[in-house]
Amino acid sequence: MKNIKVALAGQPNCGKSTIFNMLSGIDQHIANYPGVTVDKKTGRFKYDNHKIEMVDLPGTYSFSSYSLEERVAKGFIIDENPDVIVNVVDASNIKRHLYLTFQLLEIGMPVVIVLNMMDVAQRRGIIIDSQRISQLLGCKVIEASGAKGLGSKEIMEAIISTSQSTDKYEDFSINYEELEPHIKEVQDSIETTKLTLNKRWMAIKVLEGDTTIIEYLKKEFSLIEELAKTQVDKFHSIHDKDTASFLATFRYDSADIIYHKAVKDTNIGKETLTDKADKIILHRWLALPILFGIMFLIYELSIVGGYKLTDYTWPILAAVKNFVIDISPQAYLTDIPMMSDFAVWMINSANALINYVPIFFILFMLIAIMEDVGYMPRMAFILDRIFKKFGLHGQSTLPLVLGGAMVGGCAVPGVMATKGIADDRARMATILTVPYMNCLAKVPFYTLLLGAFFKPDMAIMMFFISTATIFTALIVAKIITSTFLKTRETAPFVMELPPYHLPTFKGVILSAAQRVWIYIYKVLTIVLAVAVVLFALLQFPGISSESQAAYDAELSKSLVAFDKRVKKSKYYEEVDEKDEIASLLNYYDSYRNKRMATTSKKGALAIDEDFKVSNESFFKFIKPSRDNEARIINKEIRKLAKVRNKILRNIKNEKVENSLLGLAGKAFEPVTKYAGFDWKINVAFLSSFAARESAVATLGSIYEDNKVESQRAEEAMAANSGYTPLHAVAIIIFMLLTPPCIATMIVVKMQTNSYKWMLFAIFFPITLGILASSAVFMLGTFYAWSGVEAMTYFYASIVVTALTIGLFPSKSINWRGGLRDV
Amino acid sequence: MIKREKKYLDIIKSGKKVKIAGVNSGGKLMHKLLDMGFIIGATIEVIREAPLFDPMELRIHNYNISLRKSEARLIEVSDI
């Protein structure tokens with residue numbers, strides 16, 4: 001069996017990925033190209049006794065070295081030396097796509113041209129003579145339609161026959177006329193190179209100023225740069241022409257020749273469907289309402305709809321959790337094995353994140369649809385003006401929306417969606433501002449605080465919270481782009497607005513599944529690792545032996561009381577031993593937990609049946625019905641269970657207070673006290689860094705009142721914390737500004753490719769948060785503001801700041817040169 | 001002969017067609033523009049401005065592209 005290595009190249013929007021999906025099926029492997037954040041998709045498949053390995057190169061308009069994608073694509077061609085290059089061309093926009101085709105042909109490797117979207121071209125009245133193109137360019141030309149699944153077999157056969165007829169292959173070259181002597185000169189000087197690449201191609205690339213090729217050649221020819229410069233200058237002085245634009249013009253002219261010889265456009269100048277649609281979608285007055293409508297729809301379908309879906313998926317996760325609890329070692333009175341605690345902690349951390357998978361799946365599907373349809377660049381087109389003001393880019397819209405610019409979202413997919421932003425400075429700024437958006441996992445925390453302190457003003461407070469984020473993000477973007485990111489490269493906003501296309505079902509599902517998988521795989525592993533560390537920090541060093549003794553004494557006292565009271569029951573024999581009581585307590589708790597998790601009558605009956613089967617003698621104590629003897633025990637075991645839970649909670653709280661994390665919380669108090677945070681709040685912030693959901697759990701357990709079981713967490717907090725609404729506002733502001741979770745920080749690391757920026761993304765917002773909340777808290781205390789007043793002032797000040805920046809004409813230095821050392 | 005003022009792309013009204021007479025840029029932007037087909041002699045049609053007046057949408061070589069006005073200002077054009 002023969003191996004064939006194929007590189008799939010094409011311009012953006014040529015439908016390359018649909019062709020790739022059509023050829024390789026779902027057997028795809030995604031990784032990053034070494035050292036960069038560009039996706040590398042590889043598909044391996046067999047056809048007719050040949051093993052084909054196909055790599056999907058990033059879409060590039062050209063094959064020079066002016067963008068990361070181009071460098072990556074060219075690096076692959078040079079390093080991996082593929083047998084065949086498959087060039088996907090949009091048949092409905094053939095002229096511009098042929099520009100890249102000429103550059104690929106010049107590389108000197110066999111090329112197969114795939115005319116994709118032939119159906120679209122036909123519909124638009126574009127008639128293409130592919131036979132003629134094949135003759136003119138000396139390569140196979142295959143007509144296909146990735147969306148309709150046409151042409152797969154023909155492409156495979158062309159790849160195989162091209163790879164087998166290398167003996168018939170003659171190097172392709174364009175006659176560059178007046179540039180030829182200069183090409184020859186460079187080519188002669190690199191004649192001795194050990195690189196196996198086509199020498200003429202390298203010579204042309206050197207003259208073009210292609211940094212990648214020059215770097216490669218520099219290893220052998222240290223003077224290559226100087227040589228190139230002399231030749232370029234010479235050409236300029238003789239012909240008054242710039243080499244780069246001369247070459248580009250020549251290639252465009254060549255593409256034009258093909259266009260005129262082999263393509264007939266019967267509908268030229270006629271309005272296409274895309275033109276008609278754009279008249280509405282990009283209309284001066286309608287564009288923004290339509291955009292907000294689409295955003296709202298995405299939000300409704302993914303966040304709201306996805307949340308509803310989690311109602312169905314959550315029981316599955318809960319069942320997994322119950323299963324883990326069931327198989328973990330049982331508690332013995334107040335002695336809970338650490339192993340069981342740990343298992344519950346880990347499963348809770350994992351569940352908190354997996355719970356979002358349905359939301360992400362819908363979200364990623366909708367994004368894939370928008371990408372495939374071609375709305376993304378239009379969104380950038382509409383909003384670029386606003387974002388530009390703040391150092392961002394039109395393409396920042398989507399990451400910010402995903403992050404939760406509208407009410408709620410998740411920063412993980414948001415940061416991942418920054419990949420496509422061409423402008424490096426804006427991309428970095430977007431990565432660093434998406435975490436300020438409204439994280440969905442923070443919402444329960446806000447609800448807790450609002451429920452505890454702002455019952456009548458909940459709506460207005462929630463409005464402030466959910467809209468404040470976009471303003472803070474814009475301000476932060478402006479701050480960091482004009483300071484930390486000032487020296488970063490920016491790219492011109494030259495962006496194609498491709499024709500609209502119907503998305504393919506397969507493509508959408510594949511893309512969503514791949515992104516969800518990255519989320520699960522990359523994020524979950526790291527979150528779990530962090531969860532282990534946090535668990536340890538919360539457990540050690542544990543409580544002192546004196547308090548342990550005190551708790552033991554308290555329990556013994558209750559046990560003695562229990563024993564005294566149940567003696568009169570005829571069932572006394574069944575509960576007269578400590579071991580029996582311990583199992584009965586576990587039995588009772590487990591029954592209660594399971595009953596509380598079910599809402600249906602049928603479910604409740606099933607649970608009853610289960611428990612009856614597992615231990616009939618205990619069951620009568622839990623459901624004594626009319627058995628008065630059993631009732632006595634039922635009453636007493638309930639009392640005992642209550643005492644036990646109280647002791648357990650106290651042990652837990654003491655453990656948290658003494659733990660390393662608790663100590664850290666206390667150590668931060670001198671700083672955080674200006675914002676009104678005590679150590680408990682600090683611990684809640686610290687411990688929820690693995691997943692923000694756990695902030696509620698931590699606070700809940702710290703503030704839970706031991707006497708009244710039915711009290712809700714927010715009521716307990718209002719009653720027991722000693723906080724004022726002003727405290728709550730300070731906490732909310734801090735939560736608004738702090739980064740959502742470690743998972744987000746991991747994707748920040750993935751996207752920026754640097755730990756330095758990850759640390760920046762952690763500590764900059766925290767500093768900002770502590771400053772802002774301290775300022776509000778201190779001013780609020782001084783002027784005796786109410787909570788709502790404090791929040792209103794905070795909100796007003798950031799809105800005014802953002803508007804000031806936005807409306808202030810931005811003037812930047814855009815000239816250079818002159819005398820140095822003036 | 002009357003010496004005519006040079007005209008740049010950013011002030012061309014929607015719906016008008018012009019020819020590129022020169023690109024006053026260098027480096028990265030120049031290369032990007034060349035790759036996208038902004039070569040001397042190419043015909044550009046201005047389709048529309050964005051709803052907030054910037055950037056602008058153009059048609060060149062039979063496809064649509066968006067360009068900020070700050071970049072369009074560097075492209076010298078002449079009437080057809």
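Residues numbered from 1 in each chain as written. Chains lettered and ligands numbered in written order. Predicted model: local features only at pLDDT ≥ 70, side-chain atom pairs only at ≥ 80, totals over all residues.

Observations concerning the pairing of strand 8 (residues 140–143) of chain A
Residues and elements named next belong to chain A.
- Residues Lys 140 and Ile 142 line one face of strand 8 and the alternating positions Val 141 and Glu 143 line the opposite face, and both faces are buried.
- As paired strands, strand 6 (residues 111–116) and strand 8 are joined by 4 bridges and run parallel to one another. Its bridge partner being in strand 8, Val 114 is matched across the sheet by Ile 142. (Buried ≥ 20, exposed ≤ 12 C-beta atoms within 10 Å, placed from the backbone. Helix = DSSP H or I, 4+ residues; strand = E, 2+ residues; numbered from the N terminus. Pairing = 2+ DSSP bridges.)

Observations concerning the sheet that holds strand 6 of chain A
Residues and elements named next belong to chain A.
- Taken together, the 7 strands give an open sheet; going across it, the order is 2-3-4-1-5-6-8, and neighbouring strands pair in mixed fashion. At either end of the open sheet lies a strand with only one pairing partner, and these are strand 2 (28–32) and strand 8. Averaged over all pairs of adjacent strands, the angle between their axes in this sheet comes to 25°, without regard to strand direction.
- Along the sheet face, helix 5 (residues 130–137) touches strand 6 and strand 8 and points at about 160° away from the line of strand 8.
- Its contacts with the sheet put helix 6 (residues 152–164) on strand 1 (2–10), strand 3 (39–47), strand 4 (50–56), strand 5 (84–90), strand 6 and strand 8, and the angle it makes with strand 8 is roughly 170°. (Axes fitted to C-alpha atoms, helices over the stretch in contact; angles between N-to-C directions. Contact = placed C-beta atoms within 7 Å.)

Concerning the sheet that holds strand 10 (residues 494–496) of chain A
- As summarised here, the arrangement of the 7 strands in space is 10(A)-5(B)-4(B)-3(B)-2(B)-6(B)-1(B), forming an open sheet in which the pairing is antiparallel. On the outer flanks of this sheet lie strand 10 of chain A together with strand 1 (7–8) of chain B, each paired with one strand and no other.
- As paired strands, strand 2 (residues 17–23) of chain B and strand 6 (residues 75–79) of chain B are joined by 5 bridges and run antiparallel to one another. Residue pairing across strands places B:Ile20 opposite B:Val77, the latter belonging to strand 6 of chain B.

Thoughts on the packing of helix 21 (residues 458–481) of chain A against helix 32 (residues 725–737) of chain A
Residues and elements named next belong to chain A.
- Relative to each other, helix 21 and helix 32 sit at 50°, their axes nearing to 10 Å. By the angle class used here, helix 21 and helix 32 are oblique. Read as a crossing pair, helix 21 and helix 32 show a hand that is right-handed. Residues Ile 465, Ala 468, Thr 469 and Thr 472 of helix 21 pack against Ile 732, Leu 736 and Leu 737 of helix 32. (Parallel < 35°, antiparallel > 145°, perpendicular 65-115°, else oblique. Left-handed = near helix turned anticlockwise from the far one by under 90°.)

Let's talk about the domain arrangement of chain A
All names here are of chain A.
- You can read the domains of chain A as domain 1 (2–168), domain 2 (177–269), domain 3 (506–537 + 659–798) and domain 4 (545–654).
- With centres defined by C-alpha atoms, the gap from domain 1 to domain 2 works out at 23 Å.
- Facing 25 residues of domain 1, the contacting portion of domain 2 comprises 24 residues.
- For the side of domain 1 that touches domain 2, the element with the highest residue contribution is helix 3 (residues 94–106), accounting for 7 residues.
- Residues of the side of domain 1 that touches domain 2, tallied by class, amount to 11 nonpolar, 7 polar and 7 charged. (Domains from an automatic or database assignment. Nonpolar A, V, L, I, M, F, W, Y, C, P; charged D, E, K, R; others polar.)

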